[in-house]
Amino acid sequence: MEKLTFAGKDGDVMELYVVEQTRIAGVNYLLTADSEDEDGECLMLKDVASEQEPESIYEIMEDERELNGVLAVFEQLLDDVVIQK
């Protein structure tokens with residue numbers, strides 16, 4: 001798994017492993033975990049950068065409806081992985 005380092009607006013740094021990624025309606029989404037182990041905590045991130053931005057800007061998804069829709073896509077992509085809400 002690829003490990004990425006994310007820097008928060010407040011200067012905090014978080015390292016997450018990318019479990020899967022997808023693009024829906026022109027928006028990039030990442031399913032990440034805080035551990036390579038099977039029991040890691042997952043976060044779903046959404047790229048909110050405009051097309052003019054030179055780098056991606058990922059935010060933790062909070063909208064329940066969007067979160068559930070994207071989660072369904074990740075579950076199809078990862079048919080051998082169980083994601084608990």
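To be clear, the structure that these remarks concern was listed above.
Residues numbered from 1 in each chain as written. Predicted model: local features only at pLDDT ≥ 70, side-chain atom pairs only at ≥ 80, totals over all residues. Heavy atoms only, no water.

Engineer: I'd like a description of the environment of T22, backed by residues and values.
Structural biologist: For T22, the location among the structural elements is in strand β2 (residues 13–24). Each C-alpha atom, one on T22 and one on F74, is 7.8 Å from the other, the two residues being 52 residues apart in sequence. Those residues in contact with T22 that lie beyond four places of it in its chain are V27, N28, Y29, V73, F74 and L77. (Helix = DSSP H or I, 4+ residues; strand = E, 2+ residues; numbered from the N terminus. Contact = heavy atoms within 4.5 Å.)

Engineer: Break down unusual backbone geometry for me, citing the residues and quoting the values.
Structural biologist: The backbone of A25 sits at a positive phi, close to 50°, despite the residue not being glycine. Along the chain, A25 turns up in the loop between β2 and β3 (27–33). Accessibility expressed as a relative area gives 79% for A25, which makes it exposed. (Buried < 20%, exposed > 50% of the residue type's maximum accessible area, 1.4 Å probe, protein only.)

Engineer: I'd like a description of the sheet that holds β2, backed by residues and values.
Structural biologist: Pairing is antiparallel across the open sheet formed by five strands, whose spatial order is β1-β2-β3-β4-β5. Edge positions in the sheet fall to β1 (2–7) and β5 (58–60), since each of these pairs with one other strand and no more. Within this sheet the neighbouring strands show an average axis-to-axis angle of 45°, counted without direction. Of the strand pairs in this sheet, β2 and β3 are connected by seven bridges, and their pairing is antiparallel. (Pairing = 2+ DSSP bridges. Axes fitted to C-alpha atoms, helices over the stretch in contact; angles between N-to-C directions.)

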